[in-house]
Each structure stands twice: as structure tokens, then as C-alpha cells.
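The lines below spell out each chain.
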Number of protein chains: 2
Amino acid sequence: MDNFEFYNPTKIVFGKGVENQVGAETAKYAKKVLIHFGGGSAIKSGLLDRVRASLKSAGVEFVELGGVQPNPRVTLVREGIELCRKENISFILAVGGGSVIDSAKAIGFGVPVSHDVWDFYEYTKTPEKMLDIGVVLTIPAAGSESSPSSVVSNEEKQLKRGLTNEIMRPRFAFMNPELTFTLPAYQTACGAADIMAHIMERYFTNTKNVEFTDRLCESGLKTIINNVPHVLENPDDYNSRAEIMWTGCVAHNDLFNTGREGDWGSHSIEHEISAIYDVAHGAGLAVVFPAWMKQVYKHDVARFAQFAERVWGLEMDHFNPERTALAGIHRLEAFFSSIGLPVRLSEMEVPADRIPEMAKKCTGSGTTGNFVKLDTAAVTEILNRAK
Amino acid sequence: MDNFEFYNPTKIVFGKGVENQVGAETAKYAKKVLIHFGGGSAIKSGLLDRVRASLKSAGVEFVELGGVQPNPRVTLVREGIELCRKENISFILAVGGGSVIDSAKAIGFGVPVSHDVWDFYEYTKTPEKMLDIGVVLTIPAAGSESSPSSVVSNEEKQLKRGLTNEIMRPRFAFMNPELTFTLPAYQTACGAADIMAHIMERYFTNTKNVEFTDRLCESGLKTIINNVPHVLENPDDYNSRAEIMWTGCVAHNDLFNTGREGDWGSHSIEHEISAIYDVAHGAGLAVVFPAWMKQVYKHDVARFAQFAERVWGLEMDHFNPERTALAGIHRLEAFFSSIGLPVRLSEMEVPADRIPEMAKKCTGSGTTGNFVKLDTAAVTEILNRAK
């Protein structure tokens, strides 16, 4: 086990109707806030009205900035920064999913500095302070509600960049599983794949002697695997929605990563796909992860056999562990298919002709991933397996 | 799943040699602190010297108060309160195990108030603020390094009382598994039983639809069960010590309790035993828990069968689940015996003649426990099973 630090100070308020308490909690931090949100669903569902009412009853003033898109844009972030400065705002309440929260984080550390916020995403500057952030979560997937990271896209430069810094963890996250009843089946499945990918990126490690965190990861994966079919069949299944929502948060708050090094190769490969093609991040991950596994499993057959046995309940073939390892990968792929996700690039209408370009952008002059260091040729091979 | 709040802001710094960074972390909170510790082991091992050196090099002044005993005494707490006032101290660094940390917490909320600190443990007053606390942990067991609770004994009144309040969570906990190499086998085993009990108190619940937290609990239990035999055989096994130490912390930080109600009957019964007899808390729990299980398992055979199958790897007898449930209880009992713990009161030289008295004190005019509400007669029966 590696030495580690773990600090996760986001207060979670979880359950039915909790969004009605958000005003009282927000009032602990600010008297005037920015409500940041996305498109129509938060309006249509009446959620935004309930949040406004809760803020008003707690005596918290607010201004609003909606319109966050999936793959949140730096142009809207810049608009938010100007608005916060003009209105003298010190707290941002993100009402939405990962894109809204990531956009709010970017506004949060853009406000105190005089240079362009995109500099942080080019890694030429490091954020040292930021406005406080609070969250009312509507989509379990990204884990951004208690994670220290933010992914933002720069339309002009055609870049999608992630930033991680411990100062980014929100002060609080209100999580009501009822708010996810209306998520379409495909978005629910994409969220599940994203959550599973967050766990699997941590699970496939070269760090030895990580039994507790292995088992925590397996707990999360099994919970998602067991509950997603229920909510696809019955979108209003509160308890299964709750299992998914809470697992999705813990999956990415770094507890499952304590004392071990994660991989993150599949995420970096997927980012190249969704930077070019209009595909959902979770769908992209469902395509990339099995292909990545087929490429790398021989590096540590024991770990893949453990994954197969403990996560998928497959019987270990003690005389041929490789067979067990492969069976686990096939089960993952079959699971993704069964919940309506693509497992090949062609199913997402992503053609094969730009594979060399994506592989090159993904690895630059070096490699990607930690479990196995993947060079351009290896990433090309993975994308070819995913065709 | 029940609605819940979860807020665990203790910063964990975990691994080899981390105690040497404690000065720098402490300096973020105070320029002068109280070092609070127990008996000789922190001195003999050189740990206290390293902590002093780390504080000095960070420019943090300190005064010291040692002598905390297992079942920490309110008389020493009062001494600590006076010392902090006299020396104008606003931060307490606890160097030790659960007793030292619990004592430090009591000093922490005793300092700001004019009434006696014991009033908090009589529940006639509620702490509203306290000095900041930091921890260098030496014994994985109590989980007090990131928990919001403190247990203190009043020698004059022959009472042992626990207090829970979210303000009590320490600011940070430095956890170096190497510091646990010198723990005697019996103390190691008692710590393991305490950790397992913290998880099982949460596991046996009437709350339905708690799959994720069930699985998290099982992860913790399996990790302890797998690693304790290794450290008993080889006390310097860093990785197994690390698994136990990290599991012991997470076991009691309330994550495993999110969305569900715990039981805590076995803890309350054990407190009555150790309030009269000089037995280690963990040993008392090893005696009480299997007896409690035999008393209550019929209340939810499915849950006990799940415990047997998932935690102990027993094959489910689908035609006779009760048999599986009982087999799991027997496995727990056999495990405690195998690591050198008593599983009967007689093995701790606790006679049976005060069972009625203990049962009465434990339940008062009501009941104890949530999974099954136990009245005096039920607790008597449990203690008789444990004879």
C-alpha cells in the first residue's frame, strides 16, 4: 500500500425532498449567490423553482446563469466570471449534473484572478483560491459533486481539458434520487458506465497489497451492476436510484483510490473520441474500457481473474486463470450491451479513419495510463479492437 | 434507504513515517498546543520525541499532559481543561489510541464552558464549540481519530458514558501502520474485535434496500478477518497492519452507516461488563456479539444468511437458510477464539452472579438496541448465553 492523504470535506445531504433545505445550508456561506444550471429539465421539473423558493425563505439573494451544455464551454464560464464580479458574488450554487458543476468550479476559480480562466486548463497557472461551491445534483455519473476535478471544453481551440485540485471540492451536495426518475434510459446507462469507469480506473493498479480498497471498489461495481437493470425497467424505483446515486458519489471522491495508483488510460482515450465526435462520455467509456482490457489483461492476469470472480461472480478456473480473466471482460462487455450502450465505435457511428490521429493526440510524445504505459501504437491497437 | 447526512472533514495522512509531518500540519491551526498522551509506549518507542521534534521544527510550542488510562478518566480530563486555560491553549494533539483521543475531545469541549465537563456526559448540556483536535494514532480499534464520539469514565460515580456530536471530529489524523508493530497480540486482537463490532453494529439493521452500504460493511469485515491472522503471525507485516488501520478508521467514520439505522445493543451490553470488571472493550465485544446474534438471528434470517455467505464465504443452504445463518454466527465465534479472544464471560473471569444487575443497568426502564429492542429479560438471556 502506498502512503496517501485523504480529505473529503463535502457535506452530503441525501434523500427524498432534501433540495428544499438548500437555502438554509447556503445561507451559512453567503447572502447572495449565483444559481448555475443547464437546460430545460431543471426548469420543467420545477426543481429550479423549489431551489429559488428555498433560497428566498432563507433570505439568500440570487442571480442566475443557465445554458450549460454537456461538455461545458469556457465561453459560458467566462460569462459567469463577469457576472459574479459585477454582482459581487462569492458563492455558486450548481443545480444539475457533472457539466454544470464543472462549469461552476471553473467560474469559482476564475473570479479571483486577473488572467483568463483557460490558463488553468492549459496548466500554465495553478488555482490557489476560489469561490465556495454548493451542489444540487440531478445526474449521478460524473461524481463532481464531491470530487476535486473539473473538465471544461474550449470551442475555439477544440480542446477538452481536465483539472484536479483539492480546493475544488464543493462545500455541500444535496442529492435527492427522486430527481433522477426522469433521466432517459440511455442517459441512465451512460451515467452507470461513467461510474463503473471511475471505479475501474482505480481498480486496475500496479500497487500491491490493497485489499480493503479492492473490496470497496468491488462493492461499488456490484451495486451498480445489480441496480441499473432495475431502474431501466422501472425508472421510479427510488431505492435503486438511491443506490446508484450514492455509489456514484463515493466512486469518485477518492476513497476507493487511497493507497494505490489509478490508471486513467481509458478516460484519456475516450476524451479524444468525444473531443471530435458528438458522443456521450459514458457511451465512449463503454466502448473503450473492454477494448483496453483485452489489450492489457496479460499484464496482470491475477487481477483480472479477481475482477471476474468477485465482481461478476464467475467461478475461478484455477488451472487456467487467463480463461477466467477473459470471461470477466466479456461479462463487462455483455453488461454494457444489455443496458443499451454501444461497445464498438461503429455502434456510435464513429468511423475508423481518424484512429491514428486520436491515438497520437492521446499520447503526445509520451504515453497514457499507469497500469500499462500505452504508447501511440498501443492506443491505436485499442481503438482498432474497438472498431 | 433512509435519508441521511454525511460529513467527514478529518484529513487523513496515512503511511510510513507520516508522524514527522505533524508539526507542519499543526502549525496551520495553532502556535501553542497541548500534547496529550497515555503511558509509556509512546515514550519508549521514541514516537513522542519525534512528535516534539516535528512541532519544534514547525515553530509550534507545546505543553504536555500524559497518563491517560484505558477507559479515560474525567479527573484527568478536568486537569487537562485547567492546563489549557492556564496556558492559553487552543489546540490539542492526541498521541495514542482511542482513550487518549476521547480524553482530548473531552478536554476540547470542556475548556470553553464554565460548568463541569461531566455535565455533557450526563446529557444535561450539549457542547456547542470546542478546541481543535489533531491525532497521531497508535492503536487501530476505536476509530475515534475521525469519529464524532468520545467515551469517558467517571471514577467517583462508577459510570462510563459515551457522547456523540459532529463538532468532535478531529481536524486531522496521522496514521502510520509501523507504529502498531509493537502492539501485543492480545491488544491487536481486541482492536480487531472492536473494529468488527463497529461494522456489525451498523450491518444488523432493519432498514431495507441498503445494498451499497451492506457491501461496504462486508468489505471491511473481510479485510479484518483476512489480515489479523497475518499480523498475529508476523507483527511487522506492514501491509496487513495498514489494511487493519485504514479499515478501522473507515469502519467508524459513519460512511458504512449512511442511509441506515445501526443497532448498538452489543456495545451497550459490553459497557456494563467493563464498567464493573477490568476487561478490554474488544474482548467484551467478542463475548457479547455472538451471544447477541444467537438471541436475535430469527428476527431476520435472510440478513444473517447474507452475513454468513458474503462475509464468511459459506455456501447458502437455500432449503434451510436458518442453518446458514447459524453457521455464520459459529464462524464469527470460532474466528474470535482463533485470534486469542474470549468468547465466554468465564474466559474473562467474569462471574455470572451480577448478570441481573448488568442487564438492569443496561436497559434502565426501557430497552437497548434497534435491530431488536431488548428489554431486561432479553439482555439477561444474552448474558446467560455468554456465561
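Conventions and cut-offs
- Residue positions within a chain follow its written sequence, with the count starting from 1.
- Numbering of ligands from 1 and lettering of chains from A proceed in the order in which they are written.
- Confidence filtering applies because this is a predicted model: local features only for residues at pLDDT of at least 70, side-chain atom pairs given and counted only at 80 or more, and all residues used for totals across whole chains, interfaces and linings.
- Strands are runs of DSSP state E lasting at least two residues, helices are runs of H or I lasting at least four, and both sets are numbered from the N terminus onward.
- The size measure is the radius of gyration over C-alpha atoms, and the globule rule it meets is 2.2 Å times the number of residues to the 0.38 power.
- Counting other C-beta atoms within 10 Å of each residue's C-beta, where C-beta atoms are placed from the backbone, gives the exposure class: buried for 20 or more, exposed for 12 or fewer, partly exposed between.
- We call two residues in contact when the distance between their C-beta atoms, placed using the backbone, is within 7 Å.
- The copies were overlaid by least squares, fitting only the C-alpha atoms of residues that reach a pLDDT of 70 or more in each copy.
- Domain start and stop positions are those given by an automatic or database domain assignment.
- For this classification, Asp, Glu, Lys and Arg are treated as charged, while Ala, Val, Leu, Ile, Met, Phe, Trp, Tyr, Cys and Pro are nonpolar and the rest, including Gly, are polar.
- Between any two strands, pairing holds if DSSP finds at least two bridges.
- Defined on buried residues, the nonpolar core groups Ala, Val, Leu, Ile, Met, Phe, Trp, Tyr and Cys residues joined through C-beta atoms within 7 Å.
- Interaxial angle, 0 to 180 degrees, is taken between N-to-C directions of lines fitted to C-alpha atoms, where a helix line uses only the stretch in contact.
- Each angle receives one of four descriptions, namely roughly parallel if under 35 degrees, roughly antiparallel if over 145, roughly perpendicular if within 65 to 115, and oblique otherwise.
- Whether a crossing is left-handed or right-handed is set by the direction in which the near helix is turned from the far one by less than a right angle, anticlockwise for left-handed and clockwise for right-handed.
- Expected helix span is computed as 1.5 Å times (number of residues minus one).
- Summarising the geometry, the arc corresponds to the directions from the helix axis toward the C-beta atoms.
- Summary of the metric used: pLDDT quantifies the predictor's per-residue confidence within the range 0 to 100.

Another point: the overall build of chain A. When you go through chain A residue by residue, the secondary structure sums to 15 helices and 8 strands. Against the compact-globule benchmark of 21 Å for 387 residues, chain A has a radius of gyration of 21 Å, which places it among compact chains. For chain A, the spread of C-alpha atoms along the principal axes amounts to about 65 × 45 × 45 Å. The buried share among the 387 residues of chain A stands at 57%. Taking the intrachain contacts of chain A between residues at least 6 apart in sequence as the baseline, contacts between residues at least 24 apart amount to 78%.

This part takes up the environment of Ala386(A). Residues and elements named next belong to chain A. Mapping Ala-386 onto the fold places it in the segment after α15 (376-385). With 28 C-beta atoms counted inside 10 Å, the residue Ala-386 sits in the buried group. In this structure, the C-alpha to C-alpha distance between Ala-386 and Arg-73, residues 313 residues apart in sequence, is 28 Å. Excluding residues that lie within four positions of it along the chain, Ala-386 makes contacts with Val-287, Val-288, Ala-291, Arg-344 and Leu-345.

The two copies are related by a screw operation: chain A maps onto chain B through 180 degrees of rotation and 0.0 Å of translation along the axis, at an RMSD of 0.0 Å. Here the symmetry operator amounts to a two-fold rotation axis. For chain A, the residue whose C-alpha comes nearest the rotation axis is Pro9(A), separated from it by 2.1 Å. Residue by residue, 100% of the interface of chain A is reproduced at the interface of chain B, so both copies engage with the same surface.

All names here are of chain A. Annotation of chain A at the domain level lists domain 1 (11-179) and domain 2 (186-385). Summarising the inter-unit geometry, the C-alpha centres of domain 1 and domain 2 are found 27 Å apart. Across the boundary between the two partners, domain 1 contributes 16 residues, which contact 20 residues of domain 2. Within the side of domain 1 that touches domain 2, the residues separate by chemical class into 8 nonpolar, 5 polar and 3 charged.

At the interface, 32 residues of chain A touch 32 residues of chain B. When contributions to the side of chain A that touches chain B are tallied by element, the ones reaching two or more residues are β1 (4-14), α8 (211-233) and α9 (238-250) of chain A. In terms of residue count, β1(A) provides more of the side of chain A that touches chain B than any other element does, 10 residues in total. Tallied by class, residues from the side of chain A that touches chain B come to 13 nonpolar, 11 polar and 8 charged. By the bridge criterion, 7 bridges tie β1(A) to strand β1 (residues 4-14) of chain B in an arrangement that is antiparallel. What sits directly across from Phe6(A), in β1(B), is Ile12(B).

Turning our attention to the nonpolar core. Of all hydrophobic cores here, the largest spans 262 residues; its most connected members are Val95(A), Ala193(A), Val95(B) and Ala193(B). When sequence neighbours within four positions are dropped, the list of residues in contact with Ala193(B) reads Gly282(B), Ala283(B), Leu285(B), Ala286(B), Phe336(B) and Leu341(B).

All names here are of chain A. A positive phi angle is found at Asn-71, which is not glycine, with a value near 55 degrees. Assignment of secondary structure puts Asn-71 in the loop between β3 (61-65) and α4 (74-87). Given 18 C-beta atoms within a 10 Å radius, Asn-71 is considered partly exposed. For Asp-254, which is not glycine, the phi dihedral falls at a positive 85 degrees. Inspection of the secondary structure assignment puts Asp-254 in the loop between α9 and α10 (265-276).

Both β1(A) and strand β8 (residues 172-175) of chain A contribute to a ladder of 4 bridges, which runs parallel. Note on β8(A): the bridge partner recorded for Phe14(A) is Met175(A).

What follows covers the packing of α10(A) against helix α14 (residues 355-363) of chain A. Packed helices, taken two at a time, are described by their axes: the angle between them and the distance between them. Residues and elements named next belong to chain A. The N-to-C vectors of α10 and α14 enclose an angle of 125 degrees; their axes lie 9 Å apart at closest approach. Classed by the angle they form, the pair α10 and α14 counts as oblique. Relative to α14, the crossing made by α10 is right-handed. Residues Ser-268, Ile-269, Glu-272, Ile-273 and Ile-276 of α10 pack against Met-358, Lys-361 and Cys-362 of α14. Split into classes, the residues belonging to the contact of α10 with α14 amount to 5 nonpolar, 1 polar and 2 charged.

Turning our eyes to something else, we now look at α4(A). Residues and elements named next belong to chain A. Under the 1.5 Å per step criterion, the end-to-end length of α4 is 20 Å for 14 residues, consistent within 8% with the ideal 20 Å. Listing the buried residues of α4 in full gives Val-74, Leu-76, Val-77, Gly-80, Ile-81 and Cys-84. For α4, the angular spread of the buried residues around the axis is 150 degrees, confining them to a single face. Away from the buried face of α4 by more than 90 degrees, exposed residues Thr-75 and Lys-86 are located. Against β2 (32-37), β3, α5 (98-110), α6 (118-121) and β6 (149-154) lie the buried residues of α4. Asn-88 sits one or two residues past α4 and shows a positive phi near 55 degrees.

The next subject is the environment of Lys360(A). Structurally, Lys360(A) is set in helix α14. Distance from Lys360(A) to Thr376(A), taken between C-alpha atoms, is 5.5 Å for residues 16 residues apart in sequence.

Moving on, we come to the sheet that holds strand β8 (residues 172-175) of chain B. Spatial strand order, β3(A)-β2(A)-β4(A)-β5(A)-β8(A)-β1(A)-β1(B)-β8(B)-β5(B)-β4(B)-β2(B)-β3(B): 12 strands in an open sheet with mixed pairing. The two strands at the open ends of the sheet, each matched to only one other strand, are β3 of chain A together with β3 (61-65) of chain B. If you compare each strand with its neighbour and ignore which way they point, the axes differ by 25 degrees on average. Bridge analysis of β2(A) against β3(A) gives 5 bridges, and the strand direction is parallel. Residue pairing for β3(A): Leu34(A) is matched across the bridge by Val63(A). Along the sheet face, α5(A) touches β2, β4 (91-96) and β5 (132-137) of chain A and points at about 165 degrees away from the line of β4(A).

This next bit is on the confidence of the model for chain A. Taken as a whole, chain A shows an average pLDDT of 96; of its residues, 100% reach a score of 70 or greater. Interface confidence in the predicted complex, given as ipTM, is 0.96; pTM for the same model is 0.97.

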